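If you want the building blocks of each chain, they are given just below.
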Amino acid sequence: MSPVETGRRGAAPDPSFAPEPAGAVPVIVSRDLTVGYKLHRERKRLTALRDISLSVNAGEFVVLVGPSGCGKTTFINAIAGLVQPWEGSIEVNGRPVTGPGPDRAMVFQDYALMPWRTVESNIRMPFELQKLGLSKQEIDARVRRYIDLVDLTGFEKSFPYELSGGMKQRVGIARALVSEPDILLADEPFAAIDAMTREAMQGELERFVAKTGQTVVFITHSIDEAITLGDRVVVISYRPGQIKEVVDVNLPRPRFDYDVKSLPEYSELRDHIWRLVKDEALQTAHGAK
Ligand code: ADP
Ligand code: MG
């Protein structure tokens, strides 16, 4: 049985699995994943995510949307190996995730840069944390290439406090990409960036992953960003987060170069996802769950 078939529960079709394109290779497979936290002070356990079954194929761009606190960060932390399943399983390339690894890299919402390190030294960090078998020359060349890619050439010796929000985030992106991971995990990476820079960076990211073929799991609160970037948009319900619906986005690429927002399919998708998310946001506001 393929991993995707084993992810299905019972006889009913599982909405979390999109029809498999021919030759698709599942890279991240979550089966009935339940994860939570022990709240020591209150002596109880909080279930953050429940029964998440999702299969992400090689080269696919999957976007997670849902109200604050629904477990989006928890899900990518489970893929990253930063939290462990309570029930169910999470596999990457056919092996259970037991901890972080060089095949996965994370872009954080709040940049998570080391303030005492320069741009170059922040981007070099993955090579200090993991032995990737590269020579010093190869590492230097890689660091230069990724600084150039995110348009920070000339700022190598700058410290984070000397950079704008957009520039800091580009450092975070270069640091995630420099080890050339198979899987890119991005937690609201553009949330703190001004609207114009944000659109430009969406275009850069789309172009970049089209070139590298990386598999991406991306969290956002922006439905437009989700539709602009995603092959599929996974809508997660209010806590404990469960998959409410997986929406396929079959708009032409590169989307940034086309005016996809003017297509009628775009507004249909937008309305559909907005309705799903709004219902959940209202549950949060009224404390219905
Ligand atoms: P999202 O990213 O969708 O906003 P999170 O995954 O950050 O949601 O959080 C899901 C739930 O788990 C929230 O109720 C949050 O308060 C709780 N939570 C997250 N991290 C921790 C933690 N380290 N310890 C205790 N509770 C946590
Ligand atoms: Mg979060």
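The structure displayed is predicted, hence computed values, not measured ones.

### Quick look at the packing of helix H3 (residues 119–129) against helix H4 (residues 136–149)
- Following both chains from N to C, one finds H3 and H4 inclined at 130 degrees, their axes separated by 10 Å at the closest point. Relative to H4, H3 is oriented oblique. You can see that H3 and H4 cross each other, and the crossing is right-handed. Side by side, H3 and H4 meet where Glu-120, Ile-123, Arg-124 and Phe-127 of the first sit next to Ile-139, Asp-140, Arg-142, Val-143 and Ile-147 of the second.
- Of the residues assigned to the contact of H3 with H4, the class counts are five nonpolar, no polar and four charged.

### Overview of the sheet that holds strand E2 (residues 44–57)
- If you trace the four strands from one edge of the open sheet to the other, you get E2-E1-E4-E5, paired in antiparallel fashion. Each edge of the sheet is formed by a strand with only one pairing partner; in this case those strands are E2 and strand E5 (95–96).
- Where strand E1 (residues 26–39) lies against E2, 10 bridges are found, and the strand directions are antiparallel. Residue pairing across strands places Leu-39 opposite Lys-44, the latter belonging to E2.
- Here helix H2 (residues 72–80) sits on the sheet in contact with E1, E2 and strand E4 (87–92), set at roughly 115 degrees to E1.

### Thoughts on the environment of Gln-214
- Summarising the element assignment, Gln-214 is placed in the loop between helix H6 (195–212) and strand E8 (215–219).
- Given a relative accessible area of 7%, Gln-214 falls into the buried group.
- Note: C-alpha distance between Gln-214 and Glu-60 (154 residues apart in sequence) is 7.5 Å.
- Those residues in contact with Gln-214 that sit more than four places away from it in its chain are Gly-59, Glu-60, Leu-177, Glu-180, Pro-181, Asp-182, Phe-208 and Val-209.
- For Gln-214, the side chain forms a polar contact with the main-chain oxygen of Pro-181, separated by 2.7 Å.
- A distance of 2.9 Å separates a polar atom in the side chain of Gln-214 from a polar atom in the side chain of Thr-212.

### Brief notes about the site of ligand 1
- Taken together, 13 residues lie around ligand 1, and Gly-69, Lys-72, Thr-73, Thr-74 and Arg-239 are the ones closest in.
- With respect to ligand 1, the backbone of Cys-70 contributes an N or O atom lying 3.2 Å from an oxygen atom.
- One of the side-chain N or O atoms of Arg-239 is found 2.8 Å from an oxygen atom in ligand 1.
- Burial of ligand 1 by the protein chains amounts to 65% of its free accessible area of 560 Å².
- Those elements that place two or more of their residues in the shell around ligand 1 are E1, E2 and H2.
- Class assignment of the residues belonging to the shell around ligand 1 gives a composition of six nonpolar, five polar and two charged.

### Here's the deal with the pairing of E4
- Note: E1 against E4, five bridges, orientation antiparallel. The partner of Thr-34 across the bridge, within E4, is Glu-87.
- Pairing between E4 and E5: two bridges, direction antiparallel. By the bridge assignment, Val-92 is partnered in E5 with Arg-95.
- Once E4 ends, the chain turns through two residues before running back antiparallel as E5, passing Asn-93 with a positive phi of about 50 degrees.

### Side note on empty space enclosed by the protein
- Tallying each qualifying case throughout the model produces one cavity of 30 Å³ or more.
- Quantified by volume, the largest cavity comes out at close to 50 Å³.
- When grouped by side-chain class, the residues that make up the lining of the largest cavity number eight nonpolar, no polar and no charged.

### Quick word on helix H5 (residues 165–177)
- Spanning 13 residues, H5 covers 18 Å between terminal C-alpha atoms, matching the ideal 18 Å at 1.5 Å per step.
- Among all positions of H5, only Gly-166, Met-167, Gln-169, Arg-170, Val-171, Gly-172, Ile-173, Ala-174, Arg-175, Ala-176 and Leu-177 are buried.
- Here the buried face of H5 lies against strand E6 (104–107), H3, H4, strand E7 (183–187) and H6.

### Remarks on H2
- Counting buried positions over the nine residues of H2 gives eight, a clear majority of the element.
- Positive phi appears at Gly-81, one or two residues downstream of H2, with a value of about 85 degrees.

### A short note on the domain arrangement of the chain
- Per the domain assignment, the segments making up the chain are domain 1 (1–9 + 25–103 + 182–289) and domain 2 (114–180).
- The C-alpha centroid of domain 2 is placed 26 Å from the C-alpha centroid of domain 1.
- The interface is formed by 11 residues belonging to domain 1 together with 13 residues belonging to domain 2.
- Both faces combined, the contact of domain 1 with domain 2 buries some 910 Å², and carbon together with sulfur accounts for 72% of it.
- Ranking the residues of domain 1 by area buried against domain 2 places Pro-102, Met-201 and Phe-208 at the top, with a combined share of 45%.

Calculation notes
Residues numbered from 1 in each chain as written. Chains lettered and ligands numbered in written order. Predicted model: local features only at pLDDT ≥ 70, side-chain atom pairs only at ≥ 80, totals over all residues. Heavy atoms only, no water. Axes fitted to C-alpha atoms, helices over the stretch in contact; angles between N-to-C directions. Helix = DSSP H or I, 4+ residues; strand = E, 2+ residues; numbered from the N terminus. Parallel < 35°, antiparallel > 145°, perpendicular 65-115°, else oblique. Left-handed = near helix turned anticlockwise from the far one by under 90°. Contact = heavy atoms within 4.5 Å. Nonpolar A, V, L, I, M, F, W, Y, C, P; charged D, E, K, R; others polar. Pairing = 2+ DSSP bridges. Buried < 20%, exposed > 50% of the residue type's maximum accessible area, 1.4 Å probe, protein only. Polar contact = N/O pair within 3.5 Å; in protein donor to acceptor, adjacent residues only side chain to side chain. Near = heavy atom within 4 Å. Areas by Shrake-Rupley, 256 points an atom, 1.4 Å probe, with all protein chains shown as cover. 1 Å grid on protein atoms, 1.4 Å probe; cavity = no way out; pocket = protein on both sides within 12 Å on 5 of 7 lines; lining within 4 Å. Points joined across faces, edges and corners; volume = space filled by probe spheres on them. Expected span 1.5 Å × (residues − 1). Domains from an automatic or database assignment. Buried area = accessible area lost by both parts, 1.4 Å probe.

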